[in-house]
Amino acid sequence: MQVSIACTDHHLKRGNGDHSKQSATSPNVVNQARAKFRTVAIIARSFGSFTPRNHISLKESTGKHTGMKYRNLGKSGLRVSCLGLGEFFFVLFLICVCVAEQLMTIAYEGGVNLFDTAEVYAGGKHAYTLLHKRKDNKCVPCVGSNRAETERGLSRKHIIEGLKGSLQRLQLEYVDVVFANRPDSNTPMEEIVRAMTYVINQGMAMYWGTSRWTAMEIMEAYSVARQFNLIPPVCEQAEYHLFQREKVEVQLPELYHKIGVGAMTWSPLACGIISGKYENGIPETSRASMKSYQWLKEKIVSEDGRKQQAKLKELGHIAEKLGCTLPQLAVAWCLRNEGVSSVLLGTSNPQQLTENLGAIQFLPKMTSHVASDIDHILGNRPYGRKDFRS
């Protein structure tokens, strides 16, 4: 089950639990690995210190010590950092526990209070495959005891059982947001909405959202919720970057104004394409070099891919003028869209994460003039609807 955790006071106060006492040699070492997501509960400070008391405005606020900005998730009352940390790279690159904890620490100390994880990634297996550090300081693969294929779909059974399993692995009483990842044509919409309402009423989650749903499917879920007095979704997770704009800039703003559904976006660097690493080919250690990412390699070396690299070179000049890197420019560009509640970052090492978090300081430099220059280079701005920011 895909879930997001906004580290509120309650989560932080629970951070002094017994999970830190768990033996590294326990048979169920996966609990230790996933407990790293609870490290956020004992690192620094509470989310409450970021938000002014009696703050009732839906406008953006800024962390006093970190400079991180906080926005409401859609039109809900949940305040989330405009940059979040996704777990996908932890699994993709089999990151060891010590590095995963370091990434969590850097993110949290940088003001991040939104952490996104899921029970399934990488071919349908449980997404709790990390590297566990042994006593001899060597890192070895450590997988949970349940290696069976995870049941897919959004049936009431899977939603409830999947979320309960996630809570057990995360050692949490509840998550802030549970997501319905990809629509399920085999399950009636009413069953999905009722199941999400049930887990919220049972205290297992505070809100629910969708991921990779169409605007029509989200509207259907909202209509069902209103018809049967159930709880509607508060946000949609969507891909958004310099080369993928239509959904977030045209469709989701309309949903925000009509039904209050916000946008939590992912892949701001387009699977690493915008990082600049593919300018001179495919590095051996890159994602595109993996067999499972053959489609990405083909995309990069295609004619369209070469055109994208040429545009990125031009954008590099803009980044240089602003004093930032190309990835920082790309992330700041995503954040400029005020309809985006949070941008989920994917990272495989501390240096990347620190660089991407640094995009916050360049957000004020993303003026309408700079945005216009970027649009001119890209030539892909969606037309036909009012710009969300205006």
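All of these numbers come straight from a predicted model, not from anything done at the bench.

A. Quick peek at the overall build of the protein chain. In terms of helices and strands, the protein chain carries 13 helices and 15 strands. Looking at the protein chain as a whole, 55% of its 390 residues qualify as buried. For the protein chain, restricting intrachain contacts to residue pairs at least 6 apart in sequence, the fraction spanning at least 24 positions comes to 74%. Taken as a whole, the protein chain presents about 17900 Å² of accessible surface, with 50% of it coming from carbon and sulfur.

B. Representation of the sheet that holds strand 3 (residues 69–72). With respect to topology, three strands assemble into an open sheet ordered 2-3-4, the strand pairing being antiparallel. A single partner strand is all that each edge strand has here, and the edge strands are strand 2 (61–62) and strand 4 (79–81). The pairing of strand 2 with strand 3 spans two bridges and is antiparallel. Within the sheet, the bridge partner assigned to Ser 61 lies in strand 3 and is Tyr 70.

C. A look at unusual backbone geometry. Phi is positive for Arg 182, close to 70°, though the residue is something other than glycine. Within the fold, Arg 182 resides in the loop between strand 11 (175–181) and helix 6 (189–201). We note that Ser 267 has phi near 60°; this positive angle belongs to a residue other than glycine. Assessed through its relative accessible area of 13%, Ser 267 is described here as buried.

D. The pairing of strand 3, seen in detail. Burial along strand 3 is two-sided: the face carrying Lys 69 and Arg 71 and the face carrying Tyr 70 and Asn 72 are both buried. From the end of strand 2 to the start of strand 3, which pair antiparallel, there are six residues, and Gly 67 there has a positive phi angle of about 80°. Note that strand 3 and strand 4 share three bridges and pair antiparallel. For Arg 71, the partnering residue across the bridge sits in strand 4 and is Val 80.

E. Structural view of the pattern of salt bridges. Applying the stated criterion across every chain yields a total of ten salt bridges. Across the pair Lys 258 and Glu 254 runs a salt bridge whose closest N-O atoms are separated by 2.8 Å. One end of the pair is Lys 258 and the other is Glu 254, both in helix 8 (residues 246–259) and four residues apart, which spans about a single turn. The exposure class of Lys 258 is exposed, given its relative accessible area of 56%. One salt bridge in this structure joins Lys 307 and Glu 303, with 3.8 Å as the shortest N-O distance. In this pair, Lys 307 and Glu 303 are both assigned in helix 10 (residues 303–322), four residues apart and thus about one turn of the helix distant. Since its relative accessible area comes to 47%, Lys 307 is described here as partly exposed.

F. Focus on the packing of aromatic side chains. Summed over all chains, the structure comprises three aromatic pairs. Look at Tyr 108 and Phe 115: their rings are 6.1 Å apart centre to centre, the planes differ by 25°, and that puts the pair in the stacked class. For the pair Trp 208 and Trp 213, a centre-to-centre distance of 6.4 Å together with 70° between the ring planes defines the contact as edge-to-face. As far as burial versus exposure is concerned, Trp 208 and Trp 213 are alike and both buried. Just above the ring of Phe 228 sits the side chain of Arg 194; from NZ or CZ to the centre is 5.1 Å.

G. The arrangement of the pairing of strand 11 in detail. Most of strand 11 sits inside the fold, with six of its seven residues counted as buried. Considered for its hand, the β-α-β crossover made up of strand 11, helix 6 and strand 12 (residues 205–211) is right-handed.

H. The arrangement of the confidence of the model for the protein chain in detail. The share of residues in the protein chain with pLDDT of 70 or more is 71%, and the mean pLDDT across the chain is 78. Counting contacts from residues 33–57, a segment whose pLDDT is below 50, to residues more than four positions away or on other chains yields 70 contacts. Throughout residues 121–151 the model reports pLDDT below 50, and contacts reaching past four residues in sequence, or to other chains, amount to 76 contacts.

I. Structural detail: the packing of helix 5 (residues 156–170) against helix 6. Contact geometry for helix 5 and helix 6: axes closest at 9 Å, N-to-C directions at 25°. Classed by the angle they form, the pair helix 5 and helix 6 counts as roughly parallel. Two packed elements cross with a definite hand, and for helix 5 against helix 6 that hand is right-handed. Contact with helix 5, carried on its side by Arg 156, Ile 159, Ile 160 and Leu 163, involves Glu 191, Ile 192, Arg 194, Ala 195, Met 196, Tyr 198 and Val 199 of helix 6 and no other residues of that element. Its residues placed into classes, the contact of helix 5 with helix 6 shows eight nonpolar, no polar and three charged.

Here is what the cut-offs are and how they apply
- Note on numbering: residues in each chain are counted from 1, in written sequence order.
- Only residues with pLDDT of at least 70 are given local features in this predicted model, and only at 80 or more are side-chain atom pairs given and counted; all residues enter the totals for whole chains, interfaces and linings.
- Hydrogens and waters are ignored; side-chain quantities use all the structure's heavy atoms.
- Think of it this way: any DSSP run of H or I at least four residues long counts as a helix, any run of E at least two long counts as a strand, and we number them from the N terminus.
- Buried means the residue's accessible area, taken with a 1.4 Å probe over protein chains only, is under 20% of the maximum for its type, while exposed means over 50%, and partly exposed covers the values in between.
- Residue contacts are defined here by distance: any two heavy atoms, one from each residue, within 4.5 Å place the two residues in contact.
- Accessible areas in this description were obtained via Shrake-Rupley with a 1.4 Å probe; residue shielding takes into account the shown protein chains only.
- At least two bridges found by DSSP between two strands is the condition for calling them paired.
- When a carboxyl oxygen of Asp or Glu is within 4 Å of a side-chain nitrogen of Lys or Arg, the pair counts as a salt bridge.
- Two aromatic rings, drawn from Phe, Tyr or Trp (for Trp, its six-membered ring), form a pair once their centres lie within 6.5 Å of each other, and the interplanar angle then sorts them: stacked below 30 degrees, edge-to-face above 60, tilted otherwise.
- In this scheme, the term charge over a ring applies when either NZ of a lysine or CZ of an arginine sits within 6 Å of the ring centre and within 35 degrees of the ring normal.
- Orient the strands so they point away from the viewer; a crossover is then right-handed if the path from the first strand over the helix to the second runs clockwise.
- Per-residue confidence from the prediction method is given by pLDDT, with values spanning 0 to 100.
- Helix axes are fitted to C-alpha atoms over the stretch in contact, other axes to C-alpha atoms as well, and angles between N-to-C directions run from 0 to 180 degrees.
- Roughly parallel means an angle under 35 degrees; roughly antiparallel means over 145; roughly perpendicular covers 65 to 115; every other angle is labelled oblique.
- Helix crossings get a hand from a simple test, with the near helix turned counterclockwise from the far one by less than a right angle marking a left-handed crossing and a clockwise turn marking a right-handed one.
- Residue type decides the class: Asp, Glu, Lys and Arg count as charged, Ala, Val, Leu, Ile, Met, Phe, Trp, Tyr, Cys and Pro as nonpolar, and the leftover types, Gly among them, as polar.

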